[in-house]
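Fold and geometry: a report
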Amino acid sequence: MSFFRRLEPAHWIALGAALLLLPRLGQGVLRSPWEAHHAAVAARMAEDGPASALTPAVGDAAVLARPAAGYWLGALAVHAFGPGAFAARLPSALAGILLVWGAFVLVRRGRGERAGAIVAAVVATTPLCALLFRSALPDALAVGASSLSFLALATASVDPEAPRRIARAGWLLLGLAAGLGGLPAAVPPLAAIVLFALLGGRGTVRRSLRPVSGSALAVAAAAALVVPALAVHGAG
């Protein structure tokens, strides 16, 4: 009982998201073609080890339609738990838990715990969360990073008292989203920056978001995930 008394609201939010996304995660067959395909890519990467980290493949065919980094967590899950639906879907579920927790923490800062809990509940119960974050699709990682980036940059833009680490986290997550899902995953956070610049003025955005250093951080994060694979396979 003493352990539960020490839990803060953010801990309860994360626990609730875990109870929503993790139970029976491994039950049911992997849906074809997409879940089964991506699970096979992650399983092959886990079997081949670090040598295949930059070249995801199924059989003898390389899978280069998306960044290889999107399969890394799936390969680690397969290595830890063995091939199967649970390992294939676990990275997506963890991304969903992090998104729900992050939504609560960021909204709570400016609007209070009640508003943060409402937003977290809305995020957790949307069809997107129920389907995407309980699937074996690597897109869940990019969507989670993109959504958290949007929330962090929005918080930094509207809250003049927000610590600079929130803006830095938003830029870092923007880079991770681009590295995991390509440029489309970076569109929502970038659109938020443009919107707040139009509404609040470029000077306000420049002071709160520090776009020059932030962009450099985002590019560095994306490059760390993308450039090694490009060096091996080329831009084509």
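Preceding this section is the structure that the text describes.
Residues numbered from 1 in each chain as written. Predicted model: local features only at pLDDT ≥ 70, side-chain atom pairs only at ≥ 80, totals over all residues. Heavy atoms only, no water.

With 32 residues, the main nonpolar core has L21, V100, F133 and L180 as its most contacted residues. Looking at this core, the elements that each hand over two or more residues are helix 2 (9-21), helix 4 (72-81), helix 5 (85-111), helix 6 (113-125), helix 7 (127-132), helix 8 (139-158) and helix 9 (164-181). Per-element accounting of this core gives the leading share, eight residues, to helix 5. Once you skip the residues sitting within four places of it in the chain, V100 turns out to touch I13, A17, A120, V123 and A124. Counting 17 residues, the second-largest nonpolar core is a separate cluster that includes L106, L174, A218 and A222. (Core = buried A, V, L, I, M, F, W, Y, C linked by side-chain atoms within 4.5 Å. Buried < 20%, exposed > 50% of the residue type's maximum accessible area, 1.4 Å probe, protein only. Helix = DSSP H or I, 4+ residues; strand = E, 2+ residues; numbered from the N terminus. Contact = heavy atoms within 4.5 Å.)

With that out of the way, let us pick up a nonpolar patch on the surface. There is a patch of nonpolar side chains on the surface, built from V194, L195, L198 and L199 and spanning about 450 Å² of accessible area. Within the fold, L195 resides in helix 10 (residues 183-200). We classify L195 as partly exposed; its relative accessible area is 45%. (Patch = residues over 30% accessible without salt bridge, like charges linked within 9 Å, V, L, I, M, F, W, Y side chains within 5 Å. Areas by Shrake-Rupley, 256 points an atom, 1.4 Å probe, with all protein chains shown as cover. Salt bridge = Lys/Arg side-chain N within 4 Å of Asp/Glu carboxyl O.)

Okay, a positive patch on the surface next. Residues R164, R165, R168 and R210 make up a contiguous surface patch of positive charge. Among the secondary structure elements, R164 is positioned in helix 9. You can call R164 exposed: its relative accessible area is 53%. (Lys, Arg positive; Asp, Glu negative; His and termini not counted. Charge placed at Lys NZ, Arg CZ, Asp CG, Glu CD.)

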